[in-house]
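Okay, here's what each chain looks like letter by letter:
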Amino acid sequence: AMARRVLVVAAALAAASALRRQETLRVLTYNVHAWRDSDHEDSFERVAKTCAAADADVVCLNEVLHPYDGGQQPQSYFDAVARREGVG
């Protein structure tokens, strides 16, 4: 919660600064879905490349797992996904 507040304040300060200079502020929002794509494959590298390519001033990520687990899900996770139980 504290990190979220810090990010919101940082984004607000960046926006205010850009407005004072009459510049464009580029904001990227991205729902990373717990670092999994629609096939439940690890998407960390793709997300990182997409964010870098966007060249945004502020990047806001949703549904982030912390710490990132690098795809080390237990077999029960994949079993639940295969049964379409809404996990992940």
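S.K.: An account of the pairing of strand 2 (residues 58-62) is requested, with residue identities and associated values reported.
M.R.: Looking at chain direction, strand 1 (residues 27-31) and strand 2 are connected through five bridges and run parallel. By the bridge assignment for strand 2, T29 is matched with C60. Of the crossover connections in this fold, the one passing from strand 1 over helix 2 (residues 44-54) to the parallel strand 2 is right-handed.

S.K.: Help me get a handle on the packing of aromatic side chains, residues and values and all.
M.R.: Taken as a whole and assessed by the stated rule, the structure comprises one aromatic pair. Taking 5.0 Å as the distance between ring centres and 55° as the angle between the ring planes, the aromatic pair formed by W35 and F44 counts as tilted. Owing to a relative accessible area of 8%, W35 belongs among the buried residues under this scheme.

S.K.: Give me the lowdown on a negative patch on the surface, citing residues and values where you can.
M.R.: On the surface, a cluster of negative charge is made up of D39, E41, D42 and E45. Mapped onto the elements, D42 comes out in the loop between strand 1 and helix 2.

S.K.: Give a detailed account of helix 2, specifying residues and quantitative values.
M.R.: Those residues of helix 2 that fall on the buried side of the exposure criterion are V47, C51 and A54. One face of helix 2 carries all of its buried residues, which in axial projection span an arc of 65°. Those residues of helix 2 that are exposed and aimed more than 90 degrees away from the buried face are E45, K49, A52 and A53. Of the surrounding elements, those touching the buried residues of helix 2 are strand 1 and strand 2. Positive phi shows up at D55, right after helix 2, with a value of about 50°.

The rules behind each value
Residues numbered from 1 in each chain as written. Predicted model: local features only at pLDDT ≥ 70, side-chain atom pairs only at ≥ 80, totals over all residues. Heavy atoms only, no water. Pairing = 2+ DSSP bridges. Helix = DSSP H or I, 4+ residues; strand = E, 2+ residues; numbered from the N terminus. Right-handed = clockwise from strand over helix to strand, strands pointing away. Phe/Tyr/Trp six-rings, centres within 6.5 Å; stacked < 30°, edge-to-face > 60°. Buried < 20%, exposed > 50% of the residue type's maximum accessible area, 1.4 Å probe, protein only. Patch = residues over 30% accessible without salt bridge, like charges linked within 9 Å, V, L, I, M, F, W, Y side chains within 5 Å. Areas by Shrake-Rupley, 256 points an atom, 1.4 Å probe, with all protein chains shown as cover. Salt bridge = Lys/Arg side-chain N within 4 Å of Asp/Glu carboxyl O. Lys, Arg positive; Asp, Glu negative; His and termini not counted. Charge placed at Lys NZ, Arg CZ, Asp CG, Glu CD. Arc of directions from axis to C-beta. Contact = heavy atoms within 4.5 Å.

Structural measurements only, silent on function.
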